[in-house]
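Letter by letter, the chains look like this.
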Amino acid sequence: MAADMARSLAFLLNVPETPEDQGSPEPSPYDESEMHDSFHQLIQEQSLWAAEEGLELQQRGSGASGSDHQALLGPEGTLAHSTATLRILASMPSRTIGRSRGAVISQYYNRTVRLRRRTSRPQLGHLGRSARPSLRLYDLELDSTALEEEEKRVLLVKELQGLTVAQRDHMLRAMPLSLAEKRCLREETRTPRGWQGRRGLPSCCNRFRYACVLALHDLGLGLLSLLHVLTPWHYALKRIGGQFGSSVLSYFLFLKTLLAFNALLLLPLLAFIVGVQAAFPPAPLGSVPAFTGLELLTGAGRFTDTVMYYGYYSNATLNQLCAAPLDGGQCTPEAGSLPYNMPLAYLFTVGVAFFVTCITLVYSMSHSFGESYRVGSTSGAHAITVFCSWDHKVTQKWASRLQHDNIRTRLKELLAEWRLRQAPSSVCGRMRQAAVLGLVWLLCLVVTLGCTWAIYAFSEFRVKQSPVSTETEWALLVLPVVVCLLNLVAPYLYRGLAALERHDSPVLEVYLAICRNLIFKMVILGILCYHWLGRRVGAMKDQCWENFVGQELYRFMVLDFIFTLLDTLFGELVWRLISEKLRRGKPEFDIARNVLELIYGQTLTWLGVLFSPLLPAMQIIKLVLLFYVKKMSLMANCQAPRRPWLASHMSTIFISLLCFPSFLGAAIFLCYAIWQVKPSSLCGPFRTLDTMYEAGKVWVRRLEKAGPRVSWLPWIHRNLVENTFPIYLVSALLLAMIYLNIQVVKGQRKVICLLKEQISNEGEDKIFLINKLHSVYERKEKSRIGRTQEDATSPALLTDDRDT
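Calculation criteria
- Residues numbered from 1 in each chain as written.
- Predicted model: local features only at pLDDT ≥ 70, side-chain atom pairs only at ≥ 80, totals over all residues.
- Heavy atoms only, no water.
- Helix = DSSP H or I, 4+ residues; strand = E, 2+ residues; numbered from the N terminus.
- Buried < 20%, exposed > 50% of the residue type's maximum accessible area, 1.4 Å probe, protein only.
- Contact = heavy atoms within 4.5 Å.
- Areas by Shrake-Rupley, 256 points an atom, 1.4 Å probe, with all protein chains shown as cover.
- Disulfide = S-S within 2.5 Å.
- Expected span 1.5 Å × (residues − 1).
- Bend = angle between axes of the 7 residues up to and from the residue.
- Axes fitted to C-alpha atoms, helices over the stretch in contact; angles between N-to-C directions.
- Parallel < 35°, antiparallel > 145°, perpendicular 65-115°, else oblique.
- Left-handed = near helix turned anticlockwise from the far one by under 90°.
- Nonpolar A, V, L, I, M, F, W, Y, C, P; charged D, E, K, R; others polar.
- Core = buried A, V, L, I, M, F, W, Y, C linked by side-chain atoms within 4.5 Å.
- Lys, Arg positive; Asp, Glu negative; His and termini not counted.
- Salt bridge = Lys/Arg side-chain N within 4 Å of Asp/Glu carboxyl O.

**So, the overall build of the protein**
Here is step 1: Within the protein one finds 26 helices and zero strands.
Here is step 2: In the protein, which comprises 804 residues, the proportion classed as buried is 40%.
Here is step 3: A separation of at least 24 residues holds for 79% of the contacts in the protein among residues at least 6 apart in sequence.
Here is step 4: Element-wise, carbon and sulfur atoms account for 63% of the exposed surface of the protein, whose accessible area totals about 45500 Å².

**Things to note about the state of the cysteines**
Here is step 1: Considering all chains together, one arrives at one disulfide under this definition.
Here is step 2: Here Cys544 connects covalently by a disulfide to Cys683, the sulfurs 1.8 Å from one another. With the S-S dihedral at roughly 85°, the linkage between Cys544 and Cys683 falls on the right-handed side. With Cys544 in the loop between α19 (506–539) and α20 (545–581) and Cys683 in the loop between α23 (650–675) and α24 (694–706), the pair connects residues that are 139 residues apart, well separated along the chain.

**Things to note about helix α12 (residues 234–279)**
Here is step 1: Helix length check: α12 (46 residues) gives 38 Å between terminal C-alpha atoms against 68 Å at 1.5 Å per residue, more than 12% under.
Here is step 2: Where α12 bends most, at Gly245, the angle is about 135°.

**A few points about the packing of helix α18 (residues 478–498) against α20**
Here is step 1: At a minimum axis separation of 9 Å, α18 and α20 run at an interaxial angle of 40°. In terms of their interaxial angle, α18 and α20 are classed as oblique. Read as a crossing pair, α18 and α20 show a hand that is right-handed. Along the contact surface, α18 presents Leu479, Pro480, Val481, Val483, Cys484, Leu485, Leu488 and Tyr492, while α20 presents Glu552, Arg555, Phe556, Leu559, Asp560, Phe563 and Asp567.
Here is step 2: Of the residues that constitute the contact of α18 with α20, the class distribution is 11 nonpolar, no polar and four charged.

**Quick look at the nonpolar core**
Here is step 1: Core analysis: the biggest nonpolar cluster contains 114 residues, and Phe254, Tyr346 and Leu610 have the highest contact counts within it.
Here is step 2: It is α12 that contributes the most residues to this core, 19 residues altogether.
Here is step 3: Residue contacts for Phe254: discarding those within four places in its chain leaves Val595, Leu598, Ile599, Phe654, Ile655 and Leu658.
Here is step 4: By size, the runner-up hydrophobic cluster in this structure holds nine residues, among which are Val157, Leu160, Leu163 and Leu172.

**Section: unusual backbone geometry**
Negative phi characterises most residues that are not glycine, and trans characterises most peptide bonds.
Here is step 1: You will see that Arg502, though not glycine, has its phi angle at about 55°, which is positive.
Here is step 2: Examined against the element boundaries, Arg502 turns out to sit in the loop between α18 and α19.
Here is step 3: Residue class for Arg502 comes out exposed when judged on its relative accessible area of 71%.

**Examining the environment of Ile562**
Here is step 1: Relative to the helices and strands, Ile562 is located in helix α20.
Here is step 2: Look at Ile562 and you get partly exposed, because its relative accessible area is 30%.
Here is step 3: Through-space distance from the C-alpha of Ile562 to that of Lys622 is 9.8 Å; in sequence the pair is 60 residues apart.

**Some remarks on the side chain of Lys521**
Here is step 1: When you line up the elements, Lys521 lands in helix α19.
Here is step 2: It turns out Lys521 is buried and unbridged, and the closest side chain with the opposite charge, Glu597, is 5.8 Å from it.
Here is step 3: Apart from the residues lying within four places of it in its own chain, the contact partners of Lys521 are Asn487, Leu596, Glu597 and Tyr600.

**Considering the pattern of salt bridges**
Here is step 1: One pass over the structure, following the stated rule, counts 15 salt bridges.
Here is step 2: As a salt-bridge pair, Asp590 and Arg495 come within 3.7 Å of each other at their nearest N and O atoms. In this pair, Asp590 is assigned in the loop between α20 and α21 (591–608) and Arg495 in helix α18, connecting sequence segments 95 residues apart.
Here is step 3: The exposure class assigned to Arg495 is partly exposed, which follows from its relative accessible area of 32%.
Here is step 4: A salt bridge links Asp567 to Arg593; the nearest nitrogen and oxygen atoms lie 2.5 Å apart. Here Asp567, found in helix α20, pairs with Arg593, found in helix α21; they are 26 residues apart in sequence, far enough to count as distant.
Here is step 5: Residue class for Asp567 comes out buried when judged on its relative accessible area of 5%.
Here is step 6: Note on Arg593: relative accessible area 4%, which makes it buried.

What follows is the structure, given as structure tokens:
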């Protein structure tokens, strides 16, 4: 019985007032100077009150008056404190906030008064006790009346009307009231100061002005709500994340990121290269071939003499139609022509577009790093997900169901990660797994070397077999078809070999698959780059080799997209039918293979920007179609991962792989083509130069002859572009910034660890103070009981003495 009473008292919060409390003034709990410094004073007051008033202890057994009482707070023990301790616990500031509507209104009325620094309104201390917040959590709803609460509400509305709009909105958001109460207060406080006219009625000007303000406010809110609608694939991404988890969602988010990168790359190319050349087209050199439809696959034929490829662009200052001389010389524009140097614009636009892409990639990688590798640990994520993940603004049924699926999947991933950390591992198991891992890696490297040798041998055979001019359009598709077939088969071989490893961690399994596919695709791209710049340039001295490289990259991109569609629509369908036939259910979505396909296609786009400026547009179309195809196949042929795992770092890994192996390799390829390879003398804007980089030098020499007004431009080119010292200085500064950023992150981690330790110590301090208070109260109670027993026994002894 005593234990049950102790448990019930542990949750008792409404402690009745005593006569002593009713005579003492009570400060507001939001007065920080009194709230944060009065804990020790409160303990002393309660101890003195307990000694003077003589509070009774709970009923206990005669044999367990204090020895069996639990004074410490533990995770397995129960709270069995006395009434005085419970009173102090109930009077703590953290347990007195938002207990009644009247208290909240009084509190924020007092805040608005202090904010405006006005004394014309009655102060909070002059009002009734029932309308003020209780520091000891007294029951205000029983004492306060509706009239006093309405009076306080009217005063609060008037004070809120006197604030600015920003202060009023901030105050309303911070109020711990229901949404309905906040809406009512917002509607009541919308009446402006100059609303009433001379006779107490609103004037026409004021009404019109207030109506315009409300209309603009509603229009702004409506435009903000449309931002979510304009976000591409907003609902589709939420649905994918709710059904398949963050691991599958990371692939589609990465596809969306690539779409933004290609749009950013395409805009300057369209504005300064493609659009300008389309406005000033050169004269055709011969008859235009007819469109046969095969150009959509090969990129040759009708597409050759268009803005699609490098060879179409002029090598002169654009002014009017100008026919190129037969000897390959430079066009000479007439006087008064448009001063737009096409070679310089071509070189600078590609360079600036790549530089902007590099900056955007580095920023995205750092931002993704800050989002995924958050400072501190993930402890407490389960409680945050359970209690803080639900969006209470959701009103539609489909949206609530979608949010429910997201939270459920998130909890599954967190629990799977926790179980994985708790799983034990033996030394023998680790050694066996390491041996199997080494064997699988050896087999994967053998597959990679075999495919690489096959591609190299076939490319050499194609170079020696016949020149490009004698090849048919169908023969141009042979090498891209072979490479795409190997790209399709090799990931399945890697996946079959990875089944031998049987990793406990699905994250490690995905990372290993990404590494193997990345090595394979980067080696293939390296062989192809050597084939284009090392072999084809030497074999095509009398032809426009830039057009051929651009067409090759176009063919690789188109055939890669076709093979991806075939694998998605038919390969995954067949795999699903086989899995269901074997009663294994639907297969899982292969994240590693699909992500590396995206990186491979994006690398092809970056490699071909110099030779085909419209290649990013083709990549955008490809990505848009690929999103819907992959989404449809995912919903029909795949299931959620059987072992859920939290893909908190996947986006950072994808962006890092896109930046360093992919973009860095493409930048090296283009720099070599610009600085070292001699351009073709028959086509393109650099036909009369030894290297593409000389276009900048020619422009600088012209500026030096132009006069002293533009002499600062040659100085900048000579000292900042040609000189290597600024490049080394910028690189050193960049490395220093990276190092400082790493040190700042480490310092933040240390500070957060110290703060967490301090929070833990603060909790232990509170437990210590409560236990100390309880022990002091027990000693006083024991002494009081002893004195009471002595007082009770002394008259009995006197009576016995008198009787004797």
